[in-house]
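The chain contents come next:
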Amino acid sequence: QVQLVESGGGSVQAGESLRLSCVASTDDFYIDAMAWYRQAPGLQRELVAGITRAGNPNYADSVKGRFTISRDNTKNTMYLQMNILKPEDTAVYSCNVRAFWGDVVYDFWGQGTQVTVSS
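Residues numbered from 1 in each chain as written. Predicted model: local features only at pLDDT ≥ 70, side-chain atom pairs only at ≥ 80, totals over all residues. Heavy atoms only, no water.

Before going further, it helps to spend a moment on the sheet that holds strand S1 (residues 3-7). What the 4 strands build is an open sheet, ordered S1-S3-S8-S7; its pairing is antiparallel. Bordering the open sheet on either side are S1 and strand S7 (67-72), each of which pairs with just one other strand. Put simply, the sheet's adjacent strands are angled 15° from each other on average, direction ignored. By the bridge criterion, 5 bridges tie S1 to strand S3 (residues 18-25) in an arrangement that is antiparallel. Bridge pairing in S3 links Ser7 to Ser21. (Pairing = 2+ DSSP bridges. Helix = DSSP H or I, 4+ residues; strand = E, 2+ residues; numbered from the N terminus. Axes fitted to C-alpha atoms, helices over the stretch in contact; angles between N-to-C directions.)

What follows is about the pattern of salt bridges. Scanning the entire structure with this criterion turns up 5 salt bridges. Taking the shortest distance from any N to any O, the salt bridge between Arg98 and Asp32 comes out at 2.6 Å. Of this pair, Arg98 sits in strand S9 (residues 91-101) while Asp32 is found in strand S4 (residues 30-39), placing the two residues 66 residues apart along the sequence. With a relative accessible area of 36%, Arg98 lands in the partly exposed category. Notably, a salt bridge pairs Asp61 with Lys64, separated by 3.1 Å at the nearest N-O pair. (Salt bridge = Lys/Arg side-chain N within 4 Å of Asp/Glu carboxyl O. Buried < 20%, exposed > 50% of the residue type's maximum accessible area, 1.4 Å probe, protein only.)

With that settled, the discussion passes to unusual backbone geometry. A positive phi angle, close to 50°, is found at Asn76, a residue other than glycine. Take Asn76: it is sitting in the loop between S7 and strand S8 (77-82). Residue Asn76 is classed as buried on the basis of its relative accessible area, which comes to 19%. Residue Ile84 is not a glycine yet carries a positive backbone phi of 45°. Within the secondary structure, Ile84 is located in the loop between S8 and S9. For Ile84, a relative accessible area of 49% translates into the label partly exposed.

A surface patch of nonpolar side chains, about 300 Å² in accessible area, is lined by Trp101, Val104 and Tyr106. With respect to the helices and strands, Trp101 occurs in strand S9. (Patch = residues over 30% accessible without salt bridge, like charges linked within 9 Å, V, L, I, M, F, W, Y side chains within 5 Å. Areas by Shrake-Rupley, 256 points an atom, 1.4 Å probe, with all protein chains shown as cover.)

So, about the packing of aromatic side chains. Overall, the coordinates contain 4 aromatic pairs when judged by the stated rule. By the ring-pair criterion, three or more aromatic residues cluster together here, those being Phe29, Tyr106 and Phe108. One residue, Arg19, lies across the ring of Tyr79, its end atom 4.1 Å from the ring centre. Between Arg45 and the ring centre of Tyr37, over which it is positioned, the NZ or CZ distance is 5.9 Å. (Phe/Tyr/Trp six-rings, centres within 6.5 Å; stacked < 30°, edge-to-face > 60°. Lys NZ or Arg CZ within 6 Å of the ring centre and 35° of its normal.)

Another aspect to go through is the nonpolar core. Trp36, Leu80, Met82 and Tyr93 are the most contacted members of the largest nonpolar core, which has 31 residues in total. Counting only elements with at least two residues in this core, the list comes to S3, S4, strand S5 (46-51), S7, S8, S9 and strand S11 (113-118). Considering each element in turn, this core owes the most residues, 5 residues, to S9. Residues contacting Tyr93, with those up to four places away along its chain left out, are Glu6, Leu20, Trp36, Tyr37, Arg38, Val48, Phe67, Leu80, Met82, Gly112, Thr113 and Val115. (Core = buried A, V, L, I, M, F, W, Y, C linked by side-chain atoms within 4.5 Å. Contact = heavy atoms within 4.5 Å.)

Next up, the structure:
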């Protein structure tokens, strides 16, 4: 199993910043790609940003230029630096990890952390 623990969510004003962290704990799995997703009330979950094990990022158009995803493979930790936050960024942000056990790939999800941005 891979256990994911997110932290860093909270309530901020528009224009402020937050930094999310996701720590992946495992004894048996090889952590590959990692990603942040978010889900706002009444909307479908959407990809915010992803990062390969090599550190190559990709972003949703709505967050490009404002959010930065990074990871530390030595700590199995992923970060999301969120700047110039907007009310429309309000959502539950969840960590997703693709991990291998041998040749078999699995997806794991964290519990999520609430981000609320007020205008």
